[in-house]
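Observations on chain architecture
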Amino acid sequence: QVQLVESGGGLVQAGGSLRLSCAASGRIFSIRAMEWYRQAPGKQRELVASLTRSGMTNYADGVKGRFTISRDNAKTTVYLQMNSLKPEDTAVYYCSMLYDSTRSWGQGTQVTVSS
């Protein structure tokens, strides 16, 4: 299994920045993709950004140009740099990693953007 521990959420004013981190342990050699999702109150969980083993990235339309997904050289920690934050970015953010034929989820971290 792959275990994930997230950190970095918090309260920030609109226009500010936050960086989320997600550290993986366990079967890290089998990780195929690292992803960030978010879920706002009353809404479905949505994919925010993804990073494949080969380094390809993909972003939701609403965060392109503002958010950046990256990883460390050991490929065990994934980051989400969030700039120019907007109140509509308020949500619980979840790290997720695909490995073998399954997926692990982090515990979630709250991001609140005040106007």
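A brief report on the enclosed structure follows. Numbers given to residues run from 1 along each chain, matching the order in which its sequence is written. With pLDDT at 70 or above as the cut-off, local features in this predicted model cover only qualifying residues; side-chain atom pairs require 80 or more to be listed or tallied, and sums for whole chains, interfaces and linings still use all residues. Values reported for side chains reflect all heavy atoms of the structure, with hydrogen atoms and water molecules removed beforehand.

1. Let's talk about unusual backbone geometry
Even without glycine at this site, K75 takes up a positive phi of about 60°. Here K75 shows up in the loop between β7 (67-71) and β8 (77-82). Helical segments are the DSSP runs of H or I of at least four residues, strand segments are the runs of E of at least two, and each set is numbered from the N terminus.

2. Some remarks on the pattern of salt bridges
Take a side-chain nitrogen of Lys or Arg and a carboxyl oxygen of Asp or Glu: if they are within 4 Å of each other, that pair is a salt bridge. Following the criterion strictly, the structure yields six salt bridges and no others. Of the charged contacts, one joins R38 and E46 as a salt bridge, the two residues approaching to 2.7 Å between their closest N and O atoms. Note on exposure labels: buried denotes an accessible area under 20% of the residue type's maximum, exposed denotes more than 50%, and partly exposed covers the range between, all computed with a 1.4 Å probe on protein chains only. R38 sits in the buried class, given a relative accessible area of 11%. The partner of D89 in a salt bridge is R38, and the shortest N-O contact between them spans 2.9 Å. Taken together, the residues span a long stretch of sequence, with D89 in the loop between β8 and β9 (91-99) and R38 in strand β4 (residues 31-39) at a distance of 51 residues. Here the two residues D89 and R38 agree in accessibility, since each one is buried. Connected through salt bridges with shared partners, the residues R38, E46, R66 and D89 form a single ionic network.

3. Some remarks on the environment of G8
Examined against the element boundaries, G8 turns out to sit in the loop between β1 (2-7) and β2 (10-13). By relative accessible area, G8 is classed as partly exposed at 32%. Along the sequence, G8 and R53 sit 45 residues apart, while their C-alpha atoms lie 23 Å from each other. Residue contacts are counted whenever heavy atoms from the two residues lie within 4.5 Å of one another. The residues touching G8, leaving out its near neighbours within four places in the chain, are L18, R19, L20 and T109.

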